[in-house]
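# Structure assessment
Chain by chain, the residues run as shown.
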Protein chains: 2
Amino acid sequence: MFVKSKNSARLRDEERARLIWLLNTNKAIVSTLLGKLTLAEQYDVGTLADDIAEVGVLVAHLPPPDLADTLEALPAEERHALWNLVAKEKRGHVLLEASESVWDDLIDGMSDRELLEALQYLDIDEQIYLVQHLPRNLTGRLLATLPAEERARVRQVLHYEKNRVGAIMEFEVITVRPEVTLQAVQRYLRRLGKMPENTDKLFVTRRDKTLVGELSLTCILLNDAQRKVSEVMDDDPLTFEPEDKAENAARTFERDNLVSAAVVDTDGKLMGRLTIDEIVDVVYEETDSDLRRMGGLSAEEDVFAPVSKAVKTRWAWLAINLCTAFIASRVIDGFEHTISQLVALASLMPIVAGIGGNTGNQTITMIVRALALQNIQPGNLTFLILREMGVALVNGLVWGGIMGGVTWWLYDDMALGGVMTLAMVLNLLVAALMGVIIPMTMMKLGRDPAVGSSVMITAITDTGGFFIFLGLATLFLL
Amino acid sequence: MFVKSKNSARLRDEERARLIWLLNTNKAIVSTLLGKLTLAEQYDVGTLADDIAEVGVLVAHLPPPDLADTLEALPAEERHALWNLVAKEKRGHVLLEASESVWDDLIDGMSDRELLEALQYLDIDEQIYLVQHLPRNLTGRLLATLPAEERARVRQVLHYEKNRVGAIMEFEVITVRPEVTLQAVQRYLRRLGKMPENTDKLFVTRRDKTLVGELSLTCILLNDAQRKVSEVMDDDPLTFEPEDKAENAARTFERDNLVSAAVVDTDGKLMGRLTIDEIVDVVYEETDSDLRRMGGLSAEEDVFAPVSKAVKTRWAWLAINLCTAFIASRVIDGFEHTISQLVALASLMPIVAGIGGNTGNQTITMIVRALALQNIQPGNLTFLILREMGVALVNGLVWGGIMGGVTWWLYDDMALGGVMTLAMVLNLLVAALMGVIIPMTMMKLGRDPAVGSSVMITAITDTGGFFIFLGLATLFLL
């Protein structure tokens, strides 16, 4: 059986893998844990009891973030079996660390009361975050459990959108006054006895809560204890406002290597703080959702969701894709006469469409990323369009030329080769132009440029490719 | 002109935007800065001089990370003009913060000597990182400038690959002995006078450098100064080894909300530390490169690279795509006789291929992400394949059924509708199967599952779609 030793990251990786392996390879463990079978009903009771005991030890030993990852890596039944073993006081933390896509599954078997009880082990910020975003409306019930003065503070935060600084900030901050000495600060800290996680600095405020500076722990340790806070503090700290976008705050944290930062209201009064752990989550989610949205996946789909759920989350994109493919098909149908005269066109047309889709997707991926990283400013639009069209023209002439030559040689028809080359150049230009314009327009309209951009560009380059190629063929070859 | 006020994140965003706007909208500024024109040669000298002065003030005021972002957001000429204004002692830091894609451009006009001088303002870790990864080989020259004892330490680190913990760790750590008191630690820190950035803990080592624990700054501040380090330290800290993957370390940092962590060799001796700022960079790069690679873009292409460079970085994917499209085209050509008998097939076949490509890409995106987030373990392969095939079967029957009905109605041909439905179901199954198998196989072979997976799946679903549809048509309709 497993023996706890040094707390290396690698060891915990092994523990997680072992837990997943045990649950995945031995159905009997899962059935027993879910109460579908009793131990006595099964073969080889000795080994099974050992395995189940080992699962218990691993679950008890692994900290909540590791348990969250393990749960995400299991199919539904195994997930339930494991969740049942997670201790009540750990469940809130596990929920907090787990990704949204598995929440539904986990809280499925819990009553509202059990859920609220599990939340009690969390900080108030964390409780609010969860009740706001869990797929069950518990906000009212949570508020009812709070003392009146907390309730007022909580209500104030509840209205920030999910992607705003206000929604991810923490209330728990340590504040000190500018006029006290570092010695007094140290005495005060010792009296407090603990600091919130990721505290690298204290906030210096006046009596009316106005932020006047920041005092890093380093600063307290490095300076003489007799000096005053106001003499050694950073009096021009970087601050955020609750309406700032979380993504932008993440960029600033990255740029400035911050661990925490103050959140102030428009009057400069301290409301709370942002910490790097929330920021890292934002970064992971942001890039992850870009990837998913470009591929036409919803944020909610998890890789172990049952078939019924996956069908439900994906049907919209499939339907859209089918509609655009249908339109492209109608374009081809319009040229039925041309194709019946020259059947070779049918086998060549997917090349024109495909190469356009490929180039369009390259362009759009690059623009979407550059927009997300704030590398593109309004002044650059013309430059970008010209650049992409330039790349498309060069590629079109080179590869279109090669393809035209191959076509000429294959079908012994120079005109057909010429049409091929011209169609490829034109479709690549369309792809480049739309690859820049689509995401930039979505951005201007306040939409997320990643959503469905890949589906849209493919639709345009397909339809456009067929139309250009068959149109040119009708003009020049019949 | 611009006036410095409170250091809010928003203000610096405005300064960056202003700088980019000035350089993008007024060609005269750039020409003057690059020495192509003198002030006297131009109209409206007063405004121009003011604008240039403002550019100078902004460059002097913005910190290196902001300058790096600004440089990334400018076309080549403007980038050079701005880089020339960056002070020598800032250049190293700007390089460090800038993404790889612009390095080439920035160091273009600098001699080796200038570059080495610019590096001098950096820590030794940072210098090593840059000389190792800059597109110019300066490692030898840098080593020559170092004192002998440093050289040995540097050589030891030089051989770690870029994506390993060893390559991103820092040497600068503060160590203390377990037997001293917290008071002694505080005295020692005050004597040091400063701590490396992102120091949230000191490392407790024995005389032979063996790591025995960690002492957080919080711990020093909260405990009585008479207590010994060994009494209050964390004696089972989480550690990394230099051969660990940086991506995995990033996941651990996220899981455990770490700010820094020790890197130890196999004997448990302290080698250096990892800090959250490096980790945040790893996270950004990792997800960014997943996105780029899936779209068939190289990591080196930046959105403002000149046409010639973009053509060079993209040609390989285009060539591959053209080859696969050509193969698909040959498959269609094989059915020329079938198509000439029933021209409607030519307009319907792209629907079958397109829907397969869409589904395959959804599946592959999900699997690649789940692999990156370590949500998939070997035990899950069968489950995943069955799940995706289940989703494909349901979608194939529903949407293939609808499409089959539409085809029947459009062409008044029931058999054609049936072939359409059957072909869509089969191609969706192929897409689902390959969408799981391709990335999982690449992973097993030690390849990056993101690279080109999108191109590969599209090739298979196109070729497969045409073959299945036209093959079924030949069997049942002729």
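Here the residue index of a chain counts from 1 through its sequence in written order. In the order they appear in the text, chains get letters beginning with A and ligands get numbers beginning with 1. Owing to the predicted nature of the model, reporting of local features is limited to residues with pLDDT of at least 70; listing and counting of side-chain atom pairs is limited to 80 or more, with chain, interface and lining totals taken over all residues. To obtain the side-chain values, all non-hydrogen atoms of the structure were included, while hydrogens and water were left out.

The next subject is the overall build of chain A. Secondary structure follows DSSP: runs of H or I at least 4 residues long count as helices, runs of E at least 2 residues long count as strands, and numbering of each begins at the N terminus. If you tally the helices and strands in chain A, you get 23 helices and 6 strands. We take the radius of gyration over the C-alpha atoms and set the globule estimate at 2.2 Å times the residue count to the 0.38 power. Computed over its C-alpha atoms, the radius of gyration of chain A comes to 30 Å, more than 25% above the 23 Å expected for a compact globule of 478 residues. Looking at chain A as a whole, 57% of its 478 residues qualify as buried. By definition in these notes, contact holds between two residues if any of their heavy atoms fall within 4.5 Å. In chain A, the proportion of contacts linking residues at least 24 apart, taken out of those at least 6 apart, comes to 67%. As displayed, chain A has an accessible area near 19,500 Å², and 57% of this comes from carbon and sulfur atoms. Residues counted as positive are Lys and Arg, residues counted as negative are Asp and Glu, and His and the chain ends are not counted. Every charge is mapped to an atom, namely NZ of Lys, CZ of Arg, CG of Asp or CD of Glu. In chain A, which carries 46 positive and 65 negative side-chain charges, the distance between the mean positions of the two groups comes to 5 Å. Between buried and exposed lies partly exposed: a residue is buried under 20% and exposed over 50% of the maximum accessible area for its type, with that area taken using a 1.4 Å probe on protein chains only. Using a 1.4 Å probe, the Shrake-Rupley method yields the accessible areas, and only the shown protein chains count as cover for residues.

What follows covers the nonpolar core. We call a set of buried Ala, Val, Leu, Ile, Met, Phe, Trp, Tyr and Cys residues a nonpolar core when their side-chain atoms join them within 4.5 Å. Ranked by size, the top nonpolar core spans 70 residues in total, and within it A:Phe469 and B:Phe469 carry the most contacts. Ignoring any residue separated from it by four or fewer positions in sequence, one finds B:Phe469 in contact with B:Leu345, B:Leu348, B:Met349, B:Val352, B:Val419, B:Met420 and B:Ala423.

One speaks of a salt bridge when a side-chain nitrogen belonging to Lys or Arg is within 4 Å of a carboxyl oxygen belonging to Asp or Glu. Taken as a whole and judged by the stated rule, the model has 36 salt bridges over all chains. A:Asp105 is the salt-bridge partner of A:Arg79, the closest N and O atoms lying 3.1 Å from each other. One end of the pair, A:Arg79, is in helix H5 (residues 76-85); the other, A:Asp105, is in helix H7 (residues 100-107), and 26 residues separate them in sequence. The buried category is assigned to A:Arg79, whose relative accessible area is 1%. Linking B:Lys27 and B:Glu78 is a salt bridge whose minimum nitrogen-to-oxygen distance equals 3.2 Å. Of the two residues, B:Lys27 is situated in helix H2 (residues 27-33) and B:Glu78 in helix H5 (residues 76-85); the sequence distance between them amounts to 51 residues. Overall, the relative accessible area of 46% leaves B:Lys27 in the partly exposed class. Here B:Glu78 falls in the buried class, since its relative accessible area comes to 5%.

Bringing helix H4 (residues 64-72) of chain B into the picture now. The buried count for H4(B) comes to 9 of 9 residues, which makes it a mostly enclosed element. Here H4(B) has its buried residues at B:Pro64, B:Pro65, B:Asp66, B:Leu67, B:Ala68, B:Asp69, B:Thr70, B:Leu71 and B:Glu72.

The next thing to look at is the packing of aromatic side chains. For this analysis, a ring pair means two rings from Phe, Tyr or Trp (six-membered ring only for Trp) whose centres lie within 6.5 Å, classed as stacked if their planes differ by under 30 degrees, edge-to-face if by over 60, and tilted for the remaining angles. Per the stated rule, a full pass over the model turns up 6 aromatic pairs over all chains. Taken together, a centroid distance of 6.3 Å and an interplanar angle of 10° make the contact between A:Trp315 and B:Trp399 stacked. Here A:Trp315, found in helix H18 (residues 307-334), pairs with B:Trp399, found in helix H21 (residues 381-411), and the two come from separate chains. Residue A:Trp315 is classed as partly exposed on the basis of its relative accessible area, which comes to 45%. With centroids separated by 5.9 Å and ring planes inclined at 20°, the aromatic side chains of B:Phe240 and B:Phe253 adopt a geometry described as stacked. Of this pair, B:Phe240 sits in strand S4 (residues 239-240) while B:Phe253 sits in helix H16 (residues 246-256), and the two are 13 residues apart along the sequence. Like B:Phe240, the residue B:Phe253 is buried in the burial classification. Lysine NZ or arginine CZ positioned within 6 Å of the ring centre and within 35 degrees of the ring normal marks a charge as sitting over the ring. In this arrangement the basic side chain of A:Arg330 is found over the ring face of A:Phe326, its NZ or CZ atom lying 5.3 Å from the centre.

Residues and elements named next belong to chain A. The patches reported here contain residues having more than 30% relative accessible area and no salt bridge. Joining distances are 9 Å for like charges and 5 Å for nonpolar side chains (Val, Leu, Ile, Met, Phe, Trp, Tyr). On the surface, Leu422, Leu426, Leu475 and Phe476 cluster together into a nonpolar patch covering about 410 Å² of accessible area. Where the nonpolar patch is concerned, the elements lending two or more residues are helix H22 (414-444) and helix H23 (453-477). Here Leu426 shows up in helix H22.

A separate point is the packing of helix H6 (residues 88-97) of chain A against helix H8 (residues 112-119) of chain A. Residue and element names in this part refer to chain A. H8 packs onto H6 with a crossing angle of 85° between their chain directions and a minimal axis gap of 7 Å. Looking at the two axes, H6 sits roughly perpendicular to H8. Side by side, H6 and H8 meet where Lys88, Arg91, Gly92 and Leu95 of the first sit next to Leu115, Glu117 and Ala118 of the second. Between N-to-C directions, angles span 0 to 180 degrees; the directions come from axes that are lines fitted to C-alpha atoms, helices contributing only their stretch in contact. When an angle is under 35 degrees it counts as roughly parallel; over 145 it counts as roughly antiparallel; between 65 and 115 it counts as roughly perpendicular; any other value is oblique.

With that out of the way, let us pick up the UniProt feature "domain: CBS" (unreviewed entry) in chain A. UniProt positions are given in the numbering used here, feature names are shortened, and annotations may be inferred rather than shown by experiment. On the UniProt side, "domain: CBS" (unreviewed entry) is annotated at positions that read residues 233-289 of chain A here. For residues 233-289 of chain A, helix accounts for 44% and strand for 23%, while the C-alpha atoms at its two ends are 39 Å apart.

In this section: the confidence of the model for chain A. Residues and elements named next belong to chain A. Note on scores: pLDDT gives the predictor's confidence for each residue, bounded by 0 and 100. Chain-level statistics for chain A give a pLDDT mean of 85 and a share of 95% at 70 or above. No element of chain A has a lower mean pLDDT than helix H11 (residues 148-158), which averages 74, and none a higher one than strand S2 (residues 201-205), which averages 95. Confidence estimates for the predicted assembly give a pTM of 0.76 and an ipTM of 0.76.

Bringing the pairing of strand S5 (residues 260-264) of chain B into the picture now. All names here are of chain B. Of all 5 residues in S5, 5 are buried, a share of seventy percent or more. A strand pair is defined by DSSP finding two or more bridges across the two strands. Summarising the sheet, S4 and S5 pair through 2 bridges and their orientation is parallel. When the sheet's bridge partners are listed, Phe240 is paired in S5 with Val263. A right-handed crossover is one whose linking path, passing over the helix from the first strand to the second, runs clockwise when the strands point away from the viewer. Once the chain exits S4 it traverses H16 before rejoining the sheet at S5, and the crossover so formed is right-handed. Strand direction decides the pairing type here: S5 and strand S6 (residues 270-275), joined by 5 bridges, are antiparallel. Within S6, the residue paired with Ala262 across the bridge is Arg273. The hairpin formed by S5 and S6 contains 5 residues between the paired strands, and Gly268 there has a positive phi angle of roughly 80°.

The next point concerns the packing of H4(B) against H5(B). Residue and element names in this part refer to chain B. With their axes 9 Å apart at the nearest point, H4 and H5 run at an angle of 155° to one another. In terms of axis orientation, H4 runs roughly antiparallel to H5. Of the residues in H5, those touching H4 at Thr70, Leu71 and Glu72 are Arg79, Leu82 and Trp83. Residues belonging to the contact of H4 with H5 are distributed by class as follows: 3 nonpolar, 1 polar and 2 charged. Residue polarity is assigned by list, with Asp, Glu, Lys and Arg as charged and Ala, Val, Leu, Ile, Met, Phe, Trp, Tyr, Cys and Pro as nonpolar; anything else, Gly included, falls into the polar class.

Okay, the side chain of B:Gln186 next. Along the chain, B:Gln186 falls in helix H13 (residues 182-192). Pairs of N or O atoms within 3.5 Å make up the polar contacts considered here, provided that, within protein, one atom can donate a hydrogen while the other can accept it, and that residues adjacent in sequence are counted only when both atoms are side-chain atoms. Here the side chain of B:Gln186 touches A:Gln186 through a polar contact of 3.3 Å, side chain to side chain. For B:Gln186, the contacting residues outside a window of four places in its chain are A:Gln186, A:Leu221 and B:Ile220.

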